[in-house]
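Structural overview for review
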Amino acid sequence: MNGPVRIQVAVDVPLAGTFSYLTESPVMPGARVSVSFGNRRVCGVVVTPIPGEGVPELDAARLRSIDGVLDGLPPLPEEFLALARFASDYYHHPLGQTLFTALPTGLREPRDVTKPDRRPFVLTDAGLGEAPPARQRARLALWQALQDGPLDLAAAKAVTPQAGKLLADWVAEGKAGRATQEPPPLRLGDAPALNGEQQAALDALSASEGFQPWLLHGVTGSGKTEVYLRLIAEQLAARRQTLVLVPEINLTPQLINRFADRFPGSRIVVQHSHLADGERMHGWLNAWHGDADVVIGTRLSVFTPLPRLGLIVVDEEHDGSFKQQDGLRYHARDLAVWRARRAGIAILLGSATPSLETVANVEAGRYKKLALTRRAHGAARLPDVRLVDTRRKKLVEGLSEAVLDALKTRLSRKEMSLVFINRRGFAPVVACTACGWTSGCPHCSAKLVVHLMERKLRCHHCGWEEPVPRACPDCGDPDIKPLGEGTQRLESALQRMLPEARVLRIDRDTTSRKDAWDEVYRKVHGGEVDILVGTQMLAKGHDFGTLSLVAALGADGGLYSADFRASERLFAQLMQVAGRAGRADAPGEVLVQTQWPDHPLYQALVAHDFDGYAATLLNERRQAGFPPSTFQALLRADSPALAQATAFLRQAREALEPLAEGVLISGPAPALMARLAQRERAQLVLESPQRGALHRLLHQLPPLLDGLAKAHGRALRWSLDVDPQEL
Ligand code: ADP
Ligand code: ZN
Ligand code: ZN
């Protein structure tokens, strides 16, 4: 070596780019190092320079040296670094922050981390060739025991209590080493015989070669998970690893048990954000070192390094929880597809209600589709869906007589019902109760959102605003009001009107505790519940056993929403909750209260026609120029004062417009959830039919905006959301 070498280090700070340090001895990319940053000591990750970043020719004398390489682990693997670099690039988030988001907490600190080595000991050729002298009895005994095969430490200590010290010496002298650990032999628990559709899907998937995304579109209960399990068995038999991504809420002990029962000898690692730091890191290190066979986890597990990765499964691929809503705003499904492409393997996206993005990818021939159209349990049938027209009916506290009667009937028959209240997630649009008119924007294809305090209608897309009309502009009826109003009190009304019913409420509050779902399952399956009441959470693929009635209330709020994804979500949710109804001996019944019984969404629901309505929605999106036919990014700004956020965005728009080739910029407009934690939020929508054009503009954005934001002081914050899921 001739003197110190300069290296690039990524650290966890909100600054673009990497930082130069000096080192006396060479350090590999991926190594964790301890460095001084400002006046702190932090952990950094050594990276190859970012192309085009143009590492400035700093005077070497002014560079600091790293404090040292953090010990105990090999450098982070290339597959991990490459994924983080792609995510940083695609989501326009600083590389350092991206890397540190992807790492488990335990690896983010400037501390040495070691992975306890539990592999058994073996003699090396040198060790085998040199028997200890007979008078050293303990040594000889251990040496002889090792000649018969590998020994783990406990077994070695049973031969002689001095084994720990002896083995350490032998390893240091090169006479002993660690056995390369083979995955345990595959053992399989009981499995049902596949039905024809499942077998056909499995055959197609087993024959898949190289990179290929697959959609497994299967109605609820059609046995998708069973297909995953068969595929994973093939991977295990071939000694390859599988990554299974599931929505936050679906990572239940029931699911883990199902995997553990099927693969009793295999090493299954669970990854999610509620694990203790140590446990999370332990699983992560095992996965990275090839000592785990299956990783099941929520969105963050997409970053877990897996050297023998052979298959990725994304269950409920349409689920919103795969998109992170702050910091690095990544979509785990999309990153998983990128990862599968890089690894040259198959990725299986499963859902009863696939996202329109995925449907469009199937249409375009990029993804291949497999369908499971029937429930796996022989006799189970799809439920009858009926619409309860509420226009001419008197509702009591939002409940129609038809729904109340149906609930009472089930109660008398001691059958369980589910009441789905569509409450959250839809910004209010006003509608006419007489003719069905809704408040559309005169300047774009978005709906106007009602701001009741100011009696204004605002477009969240282009920023247009107008007063709330006093009567319907179409038919003159004065009875216009926000859609979805009146669902707030439904739950207590239910309790009052059916006092004898045992009602169990399921929402974020009642299920946030760690073992809350166990309790819910125990009650539901123990026959202690007559009516389950809840919101979105009920639409998430839980097994509530046999329900004979599902009633959906307040669904209309999602029909005409300011968020163009609202109808996609509503349809998926209704399909999912409807899928809960049904028993082996009698089809279940689904009742949907609505003022718009003729709406295509409800008509498709009645006909169980997912494909038809998805095609309708895709067409609407194409005509309106919304994703997936275009690509969007949101530039959000927030500040204690809306005026400041808007002023900043106006300046940003002016600065961006000359650079925005092929990109349409709209706004500023208030965000749909305008006020959050005492801060006002506003946004610009950037969109383009060409992903490339959009990203060329986004690339120029951070330095430009940092400059503009400086003038506004610290009260103003901005962020970018690429492929936003919520407006
Ligand atoms: P999904 O993942 O599509 O909701 P599951 O794989 O969980 O469906 O299957 C639903 C139920 O049907 C489960 O109880 C499962 O054990 C059962 N099942 C799946 N496949 C079969 C089959 N081929 N024969 C009998 N039962 C099956
Ligand atoms: Zn009207
Ligand atoms: Zn508009």
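Because the structure is a prediction, the values reported are computed rather than measured. (Residues numbered from 1 in each chain as written. Chains lettered and ligands numbered in written order. Predicted model: local features only at pLDDT ≥ 70, side-chain atom pairs only at ≥ 80, totals over all residues. Heavy atoms only, no water.)

**Notes on the coordination of the zinc ion (ligand 2)**
Applicable threshold: Water is absent from the atoms considered, so a metal site may look incomplete; donors are defined as N, O and S atoms within 2.8 Å of the metal, or 3.2 Å for Na, K and Ca. The helix and strand labels rest on DSSP assignments: H or I over at least four residues marks a helix, E over at least two residues marks a strand, and numbering proceeds from the N terminus. Using a 1.4 Å probe on the protein chains alone, a residue whose accessible area is under 20% of its type maximum counts as buried, one over 50% counts as exposed, and one in between counts as partly exposed.
Distances from the zinc ion (ligand 2) to its protein donors, Cys432 (SG), Cys435 (SG), Cys472 (SG) and Cys475 (SG), fall at 2.3 to 2.4 Å. Expressed as a motif, the donor residue spacing for the zinc ion (ligand 2) is C-x2-C-x36-C-x2-C. You can see cysteine 432 sitting in strand 17 (residues 430-432) and its partner cysteine 472 sitting in the loop between strand 20 (465-467) and strand 21 (480-482), a full 40 residues away along the chain. With respect to class, cysteine 432 is no different from cysteine 472; both count as buried.

**Points about the UniProt feature "binding site: Zn(2+) 1" (unreviewed entry) in the chain**
Basically, it comes down to this: UniProt positions are given in the numbering used here, feature names are shortened, and annotations may be inferred rather than shown by experiment. Two residues qualify as a contact provided that any one of their heavy atoms is within 4.5 Å of a heavy atom in the partner residue.
UniProt tags Cys432, Cys435, Cys472 and Cys475 as "binding site: Zn(2+) 1" (unreviewed entry). Spatially, the listed residues are clustered: although they cover 44 residues, their C-alpha atoms lie within 8.6 Å of one another. Under the relative-accessibility criterion, cysteine 472 is labelled buried at 4%. Relative to the helices and strands, cysteine 475 resides in the loop between strand 20 and strand 21. Looking at cysteine 475, the relative accessible area reads 41%, which means it is partly exposed. Apart from residues lying up to four places away in sequence, cysteine 475 is in contact with Cys432, Ala434 and Cys435.

**Things to note about the UniProt feature "binding site: Zn(2+) 2" (unreviewed entry) in the chain**
When the UniProt feature table is mapped onto this chain numbering, "binding site: Zn(2+) 2" (unreviewed entry) sits at Cys441, Cys444, Cys459 and Cys462. Spanning 22 residues, the annotated positions come together in the fold, the maximum distance between their C-alpha atoms being 8.8 Å. Inspection of the secondary structure assignment puts cysteine 441 in the loop between strand 17 and strand 18 (448-451). The class for cysteine 441 is buried, based on a relative accessible area of 9%. Aside from chain neighbours lying at most four places away, what touches cysteine 441 is Ala446, Lys447, Leu448, Cys459, Cys462 and Trp464. The class for cysteine 459 is buried, based on a relative accessible area of 0%.

**Quick look at helix 2 (residues 95-102)**
By the criterion of burial, helix 2 is predominantly enclosed, with 7 of the 8 residues buried. Of the residues making up helix 2, those classed as buried are Leu95, Gly96, Gln97, Thr98, Leu99, Phe100 and Ala102. Those residues of helix 2 hidden inside the fold are in contact with strand 1 (5-11), strand 4 (40-47), helix 1 (78-90) and helix 10 (277-288).

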